[in-house]
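Listed below are the residues making up each chain.
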Amino acid sequence: MSKLWTSAAEALQDVLHDGMTLAVGGFGLSGVPVDLVDAVRDSGVKNLTIVSNNMGVDGKGLGVLIEAGQVAKVVASYVGENKLFAAQFLSGKLEVEFNPQGTLAERLRAGGAGIPAFYTKTGVGTPVAEGKPHAEFDGETYVQERSIVADVSLVRAHLSDTDGNLVYRWTARNFNPVVATAGRTTIAEVEQVVDTGAIDPNHIVTPGVYVQRVVRADDRLKDIEQRTVRPRPMAAAAAK
């Protein structure tokens, strides 16, 4: 049975509710499921807890949910590119749970693997570890971190078959795979859809067993978080 749905709005219509936890893939503005995020915004659902590496920038990526006032709490490792996010955090409107980046990735991976908690040295002796259980292993102190299981995970992939087997490209592979496994329901926005069996099994990153729904991504210009370019040779020579 095909897991392909006709649109992002249709794929989300019966799984969204106020106060839910959404895990969202992406790294900066790379690999963000923008169609699905826009559909969440358009649904009007509110008081969301968003788990993601970062919250995009003002007006782009997950930043659109901040602008719409739909987010109550953020679990993330980096938020420095979003001015509105900072303003809402500093004013007390937005609750923020900061995580070291590797810890956040492992919390999502553990959630997908059915592991309720794990210990790590990262964060010991810092505010990140305050109020959390500690334990000693081989003479070293570790802090306990709980895994994350989201109500719904939203991811972006380059390629999927109709069974939901996913292949990612480049930076989009950073957080999307662990987000995909951590959702009770996972919806994938993909650039290309092929028939089941058309993807080499050795190339599949997320098996379709983790993915319940697939939608084709709209053809749109991909945003760049910070554009950095080298001077053109002729222009550099003329400037000398």
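Notes on the structure in this doc start here. Everything numeric here is computed off the predicted structure, so don't read it as measured data. (Residues numbered from 1 in each chain as written. Predicted model: local features only at pLDDT ≥ 70, side-chain atom pairs only at ≥ 80, totals over all residues. Heavy atoms only, no water.)

### Concerning the packing of aromatic side chains
As a reminder, the rule being used: Any two rings among Phe, Tyr and Trp, with Trp reduced to its six-membered ring, count as a pair given centres within 6.5 Å; such a pair is stacked if its planes are under 30 degrees apart, edge-to-face if over 60, and tilted if neither. Exposed residues in this analysis have more than 50% of their type's maximum accessible area, buried residues have under 20%, and partly exposed residues fall in between, with area computed by a 1.4 Å probe over protein chains only.
Counted under the stated rule, the structure contains three aromatic pairs. Centroid distance Phe 89 to Phe 98: 5.9 Å. Interplanar angle 85 degrees. Geometry classified as edge-to-face. Here Phe 89 falls in the partly exposed class, since its relative accessible area comes to 34%. Between the aromatic rings of Phe 137 and Tyr 142, the centroid separation amounts to 5.5 Å while the plane-to-plane angle is 80 degrees, which identifies the pairing as edge-to-face. By the ring-pair criterion, three or more aromatic residues cluster together here, those being Tyr 119, Phe 137 and Tyr 142.

### Describing the side chain of Arg 107
Definition in use: Secondary structure counts use DSSP, requiring at least four H or I residues in a row for a helix and at least two E residues in a row for a strand, with both numbered from the N terminus. For this analysis, a polar contact is any N or O atom pair within 3.5 Å, provided that within protein one partner can donate a hydrogen and the other can accept it, and provided that sequence-adjacent residues contribute only side-chain to side-chain pairs. Here, residues are in contact when the closest pair of their heavy atoms is within 4.5 Å.
Turning to its location among the elements, Arg 107 is positioned in helix α5 (residues 101-113). At 2.8 Å, the side chain of Arg 107 and the side chain of Asn 99 are in polar contact. Contacts of Arg 107, omitting those with residues within four sequence positions, involve Val 75, Glu 97, Asn 99, Phe 118, Glu 145, Arg 146, Ser 147 and Ile 148.

### Digging into the layout of surface pockets
As a reminder of what qualifies: A cavity here means a set of 1 Å grid points, computed over protein atoms only, where a 1.4 Å probe fits but cannot escape. A pocket is an open set with protein on both sides within 12 Å along at least 5 of 7 lines, and lining residues have an atom within 4 Å of a point. Grid points are joined across faces, edges and corners, and a volume is the space filled by probe spheres set on the points. Three classes are used: nonpolar for Ala, Val, Leu, Ile, Met, Phe, Trp, Tyr, Cys and Pro, charged for Asp, Glu, Lys and Arg, and polar for all others, with Gly counted as polar.
In this structure, the largest pocket occupies an estimated 360 Å³ of space. Taken together, 19 residues make up the lining of the largest pocket; nearest its centre are Leu 29, Ser 30, Gly 31, Glu 191 and Lys 222. The residue inventory of the lining of the largest pocket, partitioned by class, reads seven nonpolar, five polar and seven charged.

### Overview of empty space enclosed by the protein
Per the counting criterion, the structure on display carries one cavity of 30 Å³ or more. Of the pockets and cavities examined, the largest cavity occupies roughly 40 Å³. Lining of the largest cavity is provided by Gly 25, Gly 26, Phe 27, Gly 28, Leu 29, Val 32, Ser 52, Asn 54, Gly 56, Gly 61 and Leu 62. Of the residues in the lining of the largest cavity, the class split is four nonpolar, seven polar and no charged.

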